[in-house]
Amino acid sequence: MAAPAKGGKPGAKPAAGAKGKGPARKASSKKASCYEVSGDSLKRKNKSCPKCGPGVFMASHKDRVTCGKCGYMEKR
Ligand SMILES: [Zn+2]
């Protein structure tokens, strides 16, 4: 018993994400993209809502930022 005899078909291994259709689903969430890691500190890229407090980020638009939670809007 030298060679592993089980399932020895080259190139037949199930690729990761081969199940289902489409490309492998990304594990990144929207929230994660609001942060930027620089060194060992986190930087918030987006402004957070002054009404909802930190943790609720404003969506940045062309000339304004809005809060999707309370509807607060701030012009740039
Ligand atoms: Zn808000």
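Preceding block: the structure.
Read on for an overview of the structure. Note that the coordinates shown come from a computational prediction; the quantities given were computed from them, not determined experimentally. (Residues numbered from 1 in each chain as written. Predicted model: local features only at pLDDT ≥ 70, side-chain atom pairs only at ≥ 80, totals over all residues.)

Turning next to the sheet that holds strand S4 (residues 64–67). Spatial ordering of the open sheet is given by S3-S4-S5, a layout of three strands whose pairing is antiparallel. Of all strands in the sheet, those bounded by a partner on one side alone are strand S3 (58–60) and strand S5 (73–75). For this sheet, the mean angle separating the axes of adjacent strands, direction not counted, is 20°. Relative to S4, S3 runs antiparallel, the two being bridged by three bridges. Bridging across to S4, alanine 59 finds its partner in threonine 66. (Pairing = 2+ DSSP bridges. Helix = DSSP H or I, 4+ residues; strand = E, 2+ residues; numbered from the N terminus. Axes fitted to C-alpha atoms, helices over the stretch in contact; angles between N-to-C directions.)

Here cysteine 67 shows up in strand S4. By the C-beta count within 10 Å, which is 19 here, cysteine 67 ends up partly exposed. For the pair cysteine 67 and lysine 47, spaced 20 residues apart in the sequence, the C-alpha separation amounts to 9.4 Å. Sequence-distant contacts of cysteine 67, defined by excluding residues within four places in its chain, comprise Cys49, Lys51, Cys52, Val56, Met58 and Tyr72. (Buried ≥ 20, exposed ≤ 12 C-beta atoms within 10 Å, placed from the backbone. Contact = placed C-beta atoms within 7 Å.)

Adjacent in sequence and paired antiparallel, S3 and S4 are bridged by three residues. Of the strand pairs in this sheet, S4 and S5 are connected by three bridges, and their pairing is antiparallel. Within S5, the position partnered with valine 65 by the bridge is glutamate 74. Between S4 and S5, which pair antiparallel in sequence order, lie five residues; one of them, glycine 71, sits at a positive phi of approximately 90°.

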